[in-house]
Amino acid sequence: PGTLHVVATPIGNLGDLSTRAQAVLRGVSAICAEDTRRSGQLLAYFGINTPLVALHEHNEDALAQRIVQRLLAGESLALVSDAGTPLVSDPGYRLVRAARAAGVKTSPVPGACAAIAALSVAGLASDRFTFEGFLPAKAAARRERLQRLSGEPRTLVIYESSHRIVETLEDMGVAFGADRPAVLARELTKLFETVLDGTLADLLAAVTADDNQRKGEFVLVVEGAGDDAEAQLAEGRRVYALLNAHLP
Ligand code: SAM
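Per an unreviewed UniProt entry, the chain goes by the name Ribosomal RNA small subunit methyltransferase I and belongs to Luteimonas aestuarii. You can read under Catalytic activity (unreviewed entry) in the UniProt record for the chain the words "cytidine(1402) in 16S rRNA + S-adenosyl-L-methionine = 2'-O-methylcytidine(1402) in 16S rRNA + S-adenosyl-L-homocysteine + H(+)".

This next bit is on the packing of helix H6 (residues 139–149) against helix H7 (residues 165–176). Orientation of H6 relative to H7, taken along the N-to-C sense of each, is 40°, at an axis distance of 9 Å. Between H6 and H7, the angle is such that the two are oblique. As H6 runs across H7, the sense of the crossing is right-handed. From H6, Arg-142, Arg-143, Leu-146 and Gln-147 reach across to H7, where they touch Asp-171, Met-172 and Ala-175. Taken together, the residues of the contact of H6 with H7 sort by class into three nonpolar, one polar and three charged.

A few words on the site of the ligand. Around the ligand, 24 residues are found, and the nearest of them are Gly-84, Ala-114, Tyr-159, Leu-188 and Glu-217. When residues of the shell around the ligand are traced back to their parent elements, those giving at least two are helix H5 (114–122), strand S7 (155–161), strand S8 (181–186) and strand S10 (217–222).

Here the focus is the sheet that holds strand S3 (residues 52–54). Two orientations exist for strands paired in a sheet by backbone hydrogen bonds: parallel and antiparallel. Strand order across the open sheet formed by five strands is S3-S2-S4-S1-S5, with parallel pairing between neighbours. The open sheet is flanked by S3 and strand S5 (105–109), the only strands paired with a single partner. Averaged over all pairs of adjacent strands, the angle between strand axes in this sheet comes to 25°, irrespective of strand direction. Relative to S5, strand S1 (residues 3–7) runs parallel, the two sharing five bridges. Along S5, the bridge assignment pairs Val-7 with Val-109.

The subject of this paragraph is the pairing of S10. Burial within S10 is extensive, with five of its six residues counted as buried. As paired elements, S7 and S10 share six bridges and run antiparallel to each other. For Ser-161, the partnering residue across the bridge sits in S10 and is Glu-217. Alignment of S8 against S10, held across five bridges, turns out to be antiparallel.

The rules behind the values
- One numbering rule holds for all chains: residues counted from 1, following each sequence as written.
- Local features are withheld for residues below a pLDDT of 70 in this predicted model, meaning they are given only at 70 or higher, and side-chain atom pairs are given and counted only at 80 or more; totals for whole chains, interfaces and linings count all residues.
- UniProt positions are given in the numbering used here, feature names are shortened, and annotations may be inferred rather than shown by experiment.
- Note on method: axes are straight lines fitted to C-alpha atoms, helices fitted across the in-contact stretch only, with angles between N-to-C directions ranging 0 to 180 degrees.
- Secondary structure is summarised from DSSP: a helix means a run of H or I of at least four residues, a strand means a run of E of at least two, and numbering begins at the N terminus for each.
- Put simply, angles under 35 degrees are roughly parallel, angles over 145 are roughly antiparallel, angles from 65 to 115 are roughly perpendicular, and the rest are oblique.
- Should the near helix be turned anticlockwise from the far one by less than a right angle, the crossing is termed left-handed; should it be turned clockwise, right-handed.
- Contact between residues is assigned whenever the C-beta positions, reconstructed from backbone atoms, fall within 7 Å.
- Side-chain classes are defined by residue name, with Ala, Val, Leu, Ile, Met, Phe, Trp, Tyr, Cys and Pro counting as nonpolar, Asp, Glu, Lys and Arg as charged, and the others, Gly among them, as polar.
- Defining nearness, a residue is near a molecule or strand when the C-beta atom obtained from its backbone falls within 6 Å of it.
- Strand pairing requires that DSSP identify at least two bridges connecting the strands.
- Remark: C-beta atoms are placed from the backbone, and a residue is labelled buried if 20 or more other C-beta atoms sit within 10 Å of its own, exposed if 12 or fewer do, or partly exposed between those counts.

Below, the structure is given as structure tokens:
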């Protein structure tokens, strides 16, 4: 069988498409892309003429089977998403799973990933961290999720869009305490790249004070809960386990 190459593409700066990524995208017989128009523009910039196949969340299951057939027949293919690393808050999981289940080799061409890029400049503990992707869009679900994350001791990395950045910072301040240190990384590798740090209250003040700070794409990196919270959580779990053992 052929190989399914999972290829990271830039998150802004086109210079971040590696030479190996270019060679792989040029060499495969087709590229599965989330949005063929967007990926088409990227490929055109690099003079790559490989045919594109549209693969989005809605058709992924059905299409995965057809793509796996092509791989089994010996074709090598690539998977890209609109930006950054496929499968990281992006489509591709079902295809990769189906390919592996069929015994097809999956091979990464690593590159940009907004979460890792943000973590690398945040200056918060990065020996352990937890990636939460996008928080739920609905307010109630988002608050509940944040409440559950409030005692998390590891650094927290989340994706956010310009529509909800204010609400998310507000809700986080309530759930985690407004004095929790955090870093807001915006438009990484692009013209208006900014990396702000401070407390959640500082960041909220910064984005509400300046319209421009609300534009673009964001990664929010939040310091983990301190030992106190961790200890409280552990104590809570211990008590719960005790109770649970005694309740009918
Ligand atoms: N697969 C991508 C990756 O590897 O980072 C993520 C795709 S997800 C649909 C898009 C989100 O990633 C945005 O809403 C934003 O939170 C984050 N993101 C993407 N590009 C970014 C950038 N240049 N600067 C900051 N955040 C970015």
